[in-house]
Amino acid sequence: MNDLRLKPFDFQAAVARAGLRPDGMPRADAVGGPSAAQGGFKVAMNEALQNVSRGQFEAQRLQRELSLDNPNVSLEETVLAMQKAQIGFQATLQVRNRLLQAYSEIMNMQV
């Protein structure tokens, strides 16, 4: 059985992966990894959305295999994949909501 352990969120590592300095400004050297060097936020978001999509497809595949009585697929594995897909979707939804809220606030600013 898979041992699922959550690691604490490392804000500094996330900032570095996004290609930002600790003060939130973009790095001039773009040392933030392949995502930052090749497109920054857009590429990172695209990769995150693809990972969520892959997780949902995997959960659907395991559900289908379980319903077809595949002996190589366990109920625990299927439920775990479904929960991971649900958490990924909920996180994506929250990011979308926050981005829309930030966009609305920026558009409503007085210039």
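Right above here is the structure, for reference.
Every chain begins its residue count from 1, and numbering advances along the sequence as written. Given that the model is predicted, a residue must reach a pLDDT of at least 70 before its local features are reported, and side-chain atom pairs must reach 80 or more before they are shown or counted; all residues, however, enter totals for whole chains, interfaces and linings. To get the side-chain values, take all heavy atoms of the structure and skip hydrogens and water.

### Description of the overall build of the chain
Argument step 1. Here a strand is any run of E in DSSP of at least two residues, a helix any run of H or I of at least four, and the numbering for each starts at the N terminus. Helices and strands together make up the secondary structure of the chain, namely four helices and zero strands.
Argument step 2. Listed N to C, the secondary structure of the chain is α-α-α-α in terms of helices and strands.
Argument step 3. Residue contacts follow a heavy-atom distance rule, with two residues in contact if any of their heavy atoms lie within 4.5 Å. Taking as baseline every contact in the chain between residues at least 6 positions apart, the subset at least 24 positions apart corresponds to 31%.
Argument step 4. Using the Shrake-Rupley algorithm and a 1.4 Å probe, accessible areas are obtained, with residue cover drawn only from the displayed protein chains. Within the structure as shown, the chain displays about 9200 Å² of accessible surface, and the carbon and sulfur contribution to it stands at 59%.

### Some remarks on unusual backbone geometry
Keep in mind that most residues, glycine aside, have a negative phi and that most peptide bonds are trans.
Argument step 1. Even without being glycine, Asp69 reaches a positive phi, approximately 60°.
Argument step 2. With respect to the helices and strands, the residue Asp69 is situated in the loop between α3 (41-67) and α4 (75-107).

### Side note on the packing of α3 against α4
Argument step 1. Throughout, an axis means a line fitted to C-alpha atoms (over the contacting stretch in the case of helices), and angles, computed between N-to-C directions, take values from 0 to 180 degrees. α4 packs onto α3 with a crossing angle of 150° between their chain directions and a minimal axis gap of 8 Å. It follows that α3 is roughly antiparallel to α4 by the angle criterion. With respect to the hand of their crossing, α3 and α4 are arranged in left-handed fashion. Of the residues in α4, those touching α3 at Phe41, Met45, Leu49, Val52, Gly55, Gln56, Ala59, Leu62, Gln63 and Leu66 are Leu75, Glu77, Thr78, Ala81, Met82, Ala85, Gly88, Phe89, Thr92, Val95 and Leu99.
Argument step 2. The residue inventory of the contact of α3 with α4, partitioned by class, reads 14 nonpolar, six polar and one charged. Working definition: roughly parallel below 35 degrees, roughly antiparallel above 145 degrees, roughly perpendicular at 65 to 115 degrees, and oblique for all remaining angles. Two helices that cross are described as forming a left-handed crossing if the nearer one is turned anticlockwise from the farther one by less than a right angle, and a right-handed crossing if clockwise. In this count, Pro and Cys sit with the nonpolar residues alongside Ala, Val, Leu, Ile, Met, Phe, Trp and Tyr, while Asp, Glu, Lys and Arg are called charged and the others, Gly among them, polar.

### Side note on α4
Owing to its 3.6 residues per turn, the α-helix brings residues three or four apart onto one side.
Argument step 1. Helix span, as expected, comes to 1.5 Å for every residue beyond the first. Compared with an ideal rise of 1.5 Å per residue, which puts 33 residues at 48 Å, α4 spans 48 Å between its outermost C-alpha atoms and is within 8% of the ideal.
Argument step 2. Looking only at α4, the buried set comprises Thr78, Ala81, Ala85 and Gly88.
Argument step 3. Here the buried face of α4 lies against α3. Type-normalised accessible area, obtained with a 1.4 Å probe on protein chains alone, sets the label of each residue: buried when under 20%, exposed when over 50%, and partly exposed for intermediate values.

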